[in-house]
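# Residue-level structural notes
Chain residues, written in single-letter form:
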Amino acid sequence: MINPADCKVALLCGGNSNEREISLASGAGALQALEEAGFKVMRIDPSEKSELKILLEEPFDVAFLCMHGKGGEDGTLQGMLEILGIPYICSHPLASAIAMDKGLSKMFYHKAGVPTPCSVTVNKGEDANVEQLVKEVGPRSVVKPATEGSALGIYMTDTPESVQEALAKVHEIDDQALVETFIEGTELTVAVLGNENPQALPVIEIVPRGEFYDFDSKYAPGGSQHIIPARISDDYTALVQDLAVKAHKALGCSGVSRTDVILDTVNGQAWVLETNTIPGMTATSLLPDAARAAGISFPELCTQLIEYALEA
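### Points about the overall build of the protein
When helices and strands are tallied, the protein shows 11 helices and 13 strands. Relative to its full complement of 312 residues, the protein shows a buried share of 54%. For the protein, the share of sequence-separated contacts (at least 6 apart) that also reach a separation of at least 24 residues comes to 68%. A total accessible area of about 13,500 Å² is found for the protein, and carbon and sulfur atoms account for 50% of it. Computing the positive centroid from 22 side-chain charges and the negative centroid from 44, the protein places the two 1 Å apart.

Dropping the structure here:
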């Protein structure tokens, strides 16, 4: 157990990624919770070199990461903190990098026996054979950036022409595009807490207002409904929680992760889509919702994450 009053926290948020505004919103939410818990907090924006210097000049006990997207969630910032010798919440550089790459993550899922939809990665500049892609992944697919988060640039496709158009749009924001089999079912997400013996929090069912869980569904007020506990059977709940823990371990995550799952209730199959190593901390974010459902307040959650960081 730590005494928050004796712990100086560097809260990192902002950055230069496409998810800068979401990162700042996460930072604002975490700042309030950390201060409510009694921590001494200094907010730092890694996009400013003058602020990064503060990490060298001030004696911080831990870094609290609210970074989203490239440069903050992909292991680069974590590597810098490793060099500086500052403990930090969430996963180490390698796990962060693997989880950020959706295509690479699937390789680790497969090795661990975690079911995930069929997919093909298409690099920018490649002459993709969309007819062959459709044969591999099926007539309905999801085309999305392989190394971006927050549902940026996701497109639902059902013809070779729509796949081609989606690839062009995704390649405007990412050099790698993932073409993945579309699975129709109940959208779920499961947060996992812990290092050596991680435990799953209650399963959240996501009901987007739009066609699917896109950027607006995630962050716009009223964009989606979070139902806790999810409206699934106890057996399905146990299955999905077990898959989230397996995904957490397969990628080598620590502290916290949040895994998105599609449950095809017709065939009884659950499919892992991706794992997020730095879940959002905004007012509409899923991790704080899941923690509250487990009886953990937002300040208590932030304290717990710092304790995991210091024991790692």
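### Observations regarding helix 5 (residues 102–111)
Of the residues making up helix 5, those classed as buried are K102, G103, S105, K106 and Y109. Seen end-on, helix 5 carries its buried residues on one side only, within an arc spanning 150°. Projecting away from the buried face of helix 5 at angles above 90 degrees are the exposed residues M107 and K111. Elements in contact with the buried residues of helix 5: helix 4 (93–100), strand 4 (119–123), strand 5 (141–145), strand 7 (176–181), helix 9 (234–250) and strand 13 (269–276). If you check the start of helix 5, you find a side-chain oxygen 3.1 Å away from the backbone N of G103, and it comes from D101. Positive phi shows up at G113, right after helix 5, with a value of about 75°.

### A word on the state of the cysteines
What the rule picks out here adds up to 0 disulfides. No disulfide involves C253; its nearest neighbouring cysteine sulfur is the one of C90, lying 9.3 Å away. Taking relative accessible area as the criterion, C253 reaches 7% and is therefore assigned buried. With no disulfide of its own, C302 lies closest to C66 among cysteine sulfurs, the gap being 7.4 Å. A residue is classified by how much of its surface remains accessible, and C302, at 0% relative accessible area, is buried.

### Focus: the layout of surface pockets
If you add up the space inside the second largest pocket, you get close to 160 Å³. Lining the second largest pocket we find 16 residues, and of these E82, Y88, C90, A309 and A312 sit closest to its centre. Contributions of two or more residues to the lining of the second largest pocket are made by helix 3 (76–84) and helix 11 (298–311). Ranked by residue count, the leading element in the lining of the second largest pocket is helix 11, at 3 residues. Among the residues making up the lining of the second largest pocket, the classes are represented as 10 nonpolar, 5 polar and 1 charged.

### A short note on the side chain of S26
Here S26 lies in helix 1 (residues 20–37). Residues contacting S26, with those up to four places away along its chain left out, are C66, H68, G280, M281 and T282.

### Overview of the pattern of salt bridges
Under the definition given, this model contains 11 salt bridges. When the shortest N-O distance is used, the salt bridge between R231 and E205 registers 2.7 Å. Taken together, the residues span a long stretch of sequence, with R231 in the loop between strand 11 (224–227) and helix 9 and E205 in strand 10 (residues 204–208) at a distance of 26 residues. Overall, the relative accessible area of 60% leaves R231 in the exposed class.

Cut-off values and rules
- Residues numbered from 1 in each chain as written.
- Predicted model: local features only at pLDDT ≥ 70, side-chain atom pairs only at ≥ 80, totals over all residues.
- Heavy atoms only, no water.
- Helix = DSSP H or I, 4+ residues; strand = E, 2+ residues; numbered from the N terminus.
- Buried < 20%, exposed > 50% of the residue type's maximum accessible area, 1.4 Å probe, protein only.
- Contact = heavy atoms within 4.5 Å.
- Areas by Shrake-Rupley, 256 points an atom, 1.4 Å probe, with all protein chains shown as cover.
- Lys, Arg positive; Asp, Glu negative; His and termini not counted.
- Charge placed at Lys NZ, Arg CZ, Asp CG, Glu CD.
- Arc of directions from axis to C-beta.
- Polar contact = N/O pair within 3.5 Å; in protein donor to acceptor, adjacent residues only side chain to side chain.
- Disulfide = S-S within 2.5 Å.
- 1 Å grid on protein atoms, 1.4 Å probe; cavity = no way out; pocket = protein on both sides within 12 Å on 5 of 7 lines; lining within 4 Å.
- Points joined across faces, edges and corners; volume = space filled by probe spheres on them.
- Nonpolar A, V, L, I, M, F, W, Y, C, P; charged D, E, K, R; others polar.
- Salt bridge = Lys/Arg side-chain N within 4 Å of Asp/Glu carboxyl O.

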